[in-house]
Amino acid sequence: MARIKLTLPSLFSFSVHIPIRITDVNYGGHVGNDAMLSIIHEARLQFLQAFGYSEMNVEGVGLIMADVAIEFKSEIFYGDVIEVSVVANDFNRVGFDLIYKLEKKQENKTVTVAIAKTGMVCFDYGLKKVAALPNNAFEKMRVQH
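Only a predicted model underlies this, so the values are computations on that prediction, with no experimental measurement involved. Position numbers for residues count from 1 along each chain, tracking the sequence in the order it is written. Given that the model is predicted, a residue must reach a pLDDT of at least 70 before its local features are reported, and side-chain atom pairs must reach 80 or more before they are shown or counted; all residues, however, enter totals for whole chains, interfaces and linings. Side-chain numbers here rest on the full set of heavy atoms in the structure, without hydrogens or water.

Looking at this model, I keep getting lost on a nonpolar patch on the surface. Mind explaining?
Here a patch means residues that are over 30% exposed by relative accessible area and free of salt bridges, tied together within 9 Å if like-charged and within 5 Å if nonpolar (Val, Leu, Ile, Met, Phe, Trp, Tyr). Only the protein chains shown count as cover for residues, and all accessible areas are computed by the Shrake-Rupley method using a 1.4 Å probe. A pairing counts as a salt bridge when a side-chain nitrogen of Lys or Arg comes within 4 Å of a carboxyl oxygen of Asp or Glu. A contiguous nonpolar patch, built from L37, M65 and V68 and spanning about 200 Å² of accessible area, is present on the exposed surface. Looking at the secondary structure, you find V68 in strand β2 (residues 62-72). Partly exposed describes any residue whose relative accessible area lies between the buried limit of under 20% and the exposed limit of over 50%, with all areas from a 1.4 Å probe on protein chains only and scaled to the type maximum. Judged by its relative accessible area of 38%, V68 is partly exposed. Helix numbers and strand numbers start at the N terminus; a helix is a DSSP run of H or I with at least 4 residues, a strand a run of E with at least 2.

Written out as structure tokens, the structure is:
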């Protein structure tokens, strides 16, 4: 069976710490895949807020998630605090990707617990159609090397 393989960029422009809640834990005693999607959603919202944006207003257009990929690397448990690093890349005419690296401290070392990607498309919710990526958003969110 083919596995998803994501490539991490060398630079991340934003990070946030997210504590794991008891409601994130499934019957297996670790964070469930549905909760993982919620964790990256929270990181995405905080990433956008750092630029003065929301999912409904990025320089006048909204965002809609077109796709998501998550590679699970290690278990996460109740009480863990996850550092989620985020960067925008692979910009195109109507959107971009957000890449996420999720890490936790474990036995005095940092462990990558997951990596993820969400494909974000600019969307005009009033017209219910795809919109162009505003140049100001591109300029703000792209990582300068």
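Picking up where we left off.
Quick question: what am I supposed to make of the pattern of salt bridges here?
Pairing between side chains of opposite charge can happen when the charged atoms of each approach one another. One pass over the structure, following the stated rule, counts 10 salt bridges. One salt bridge connects R44 with E55, and the closest N-O pair in it is separated by 2.6 Å. Highlighted residues: R44 in helix α1 (residues 33-50) and E55 in the loop between α1 and β2, separated in sequence by 11 residues. For the pair R44 and E55, one class covers both residues: buried. One salt-bridge network, held together by shared partners, links K5, E71 and K73.

What is the right way to look at the packing of aromatic side chains in this model?
What describes a pair of aromatic rings is the distance from one ring centre to the other and the angle between the planes of the rings. Under the pairing criterion, centres of Phe, Tyr and Trp rings, with the six-membered ring standing for Trp, must be within 6.5 Å; the plane angle then separates stacked pairs below 30 degrees from edge-to-face pairs above 60, leaving the rest tilted. In total, this model carries 6 aromatic pairs according to the counting rule given. Taking the centre distance of 4.9 Å and the plane angle of 85 degrees together, the rings of F91 and F138 count as edge-to-face. Of the two residues, F91 sits in strand β3 (residues 81-92) while F138 sits in helix α2 (residues 135-141), which places them 47 residues apart along the sequence. Both rings, one in F123 and one in Y125, keep their centres 4.9 Å apart while their planes meet at 75 degrees; by these two values the pair is edge-to-face. By the ring-pair criterion, three or more aromatic residues cluster together here, those being F14, F47, F51 and Y53.

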